[in-house]
Amino acid sequence: MNLPFDDEHAALFTVGQVAQMLDVQQAFLRRIDDHRVVSPQRSTGGQRRYSRHEIGRVQEVVSMMDEGMTLPAIKRIFELQHEVAELTRERDELARRLAGGPGAAT
């Protein structure tokens, strides 16, 4: 039986809970959301709700800021990481098709 907390993308944690877990200010979490660096899901009442995946991203943001990076730079790094992952997926799919492997078009 899969429970919501088994899904790393289930939005279960409030701003207050995340701030306490990571020892950051709630205003910091709102700021990185406003800059669209880490954008948590919203409850039906409009409250921010974070998943375990997003909490990990916030931890990455904190580490990068500790190294002196700005929020726009961090956002760009995340965008580039996403682009690389997408290109890697496309490359792997093309390689499978060329090799005639599973999932290859016939």
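Residues numbered from 1 in each chain as written. Predicted model: local features only at pLDDT ≥ 70, side-chain atom pairs only at ≥ 80, totals over all residues. Heavy atoms only, no water.

1. Details of unusual backbone geometry
Stated precisely, the cut-off is as follows: Helix and strand labels come from DSSP, where a helix needs a run of H or I of at least four residues and a strand needs a run of E of at least two; each type is numbered from the N terminus. Each residue is assigned to one of three classes by its accessible area relative to the maximum for its type, calculated with a 1.4 Å probe on protein chains only: buried under 20%, partly exposed between the two thresholds, exposed over 50%.
The phi torsion at D23 lies on the positive side, around 55°, for a residue other than glycine. Tracing the chain through its elements places D23 in the loop between helix 1 (15–22) and helix 2 (26–34). Phi at R36 is positive, roughly 60°, even though this residue is not glycine. Within the fold, R36 resides in the loop between helix 2 and strand 2 (41–42). A relative accessible area of 62% places R36 in the exposed class.

2. Observations regarding helix 1
Here is the rule we go by: Note that the arc is computed from the directions linking the helix axis to the C-beta atoms. In this analysis, two residues are considered to be in contact whenever any of their non-hydrogen atoms come within 4.5 Å of each other.
Taken together, the buried positions of helix 1 are V15, V18, A19 and L22. Seen end-on, helix 1 carries its buried residues on one side only, within an arc spanning 100°. Buried residues along helix 1 sit against strand 1 (13–14), helix 2, strand 3 (48–50) and helix 3 (52–66). Looking one or two places after helix 1, you find D23, whose phi comes out positive at around 55°.

3. Observations regarding the environment of M65
As for its position among the elements, M65 is in helix 3. Aside from chain neighbours lying at most four places away, what touches M65 is F28, R31, L71 and I74.

4. Examining the sheet that holds strand 3
This is how it is decided: If DSSP finds at least two bridges between two strands, the strands pair. Axis lines are fitted to C-alpha atoms, over the contacting stretch for helices. Their N-to-C directions set the angle, which ranges from 0 to 180 degrees.
Ordered in space as 1-3-2, the 3 strands form an open sheet in which the pairing is antiparallel. One side of each edge strand has no neighbouring strand; the edge strands of this open sheet are strand 1 and strand 2. In this sheet, strand 3 lies alongside strand 1 in antiparallel orientation, the contact comprising 2 bridges. Within strand 3, the residue paired with F13 across the bridge is Y50. Of the strands in this sheet, strand 1, strand 2 and strand 3 touch helix 3, which is tilted by about 90° from strand 3.

5. Here's the deal with the pattern of salt bridges
As a reminder of what qualifies: Any Lys or Arg side-chain nitrogen found within 4 Å of a carboxyl oxygen on Asp or Glu counts as a salt bridge.
Considering all chains together, one arrives at 10 salt bridges under this definition. Here D33 ties to R42 by a salt bridge, and the two come within 3.2 Å at their closest N and O atoms. For D33, a relative accessible area of 9% translates into the label buried. With its nearest N and O atoms 3.7 Å apart, the salt bridge here joins D34 to R48.

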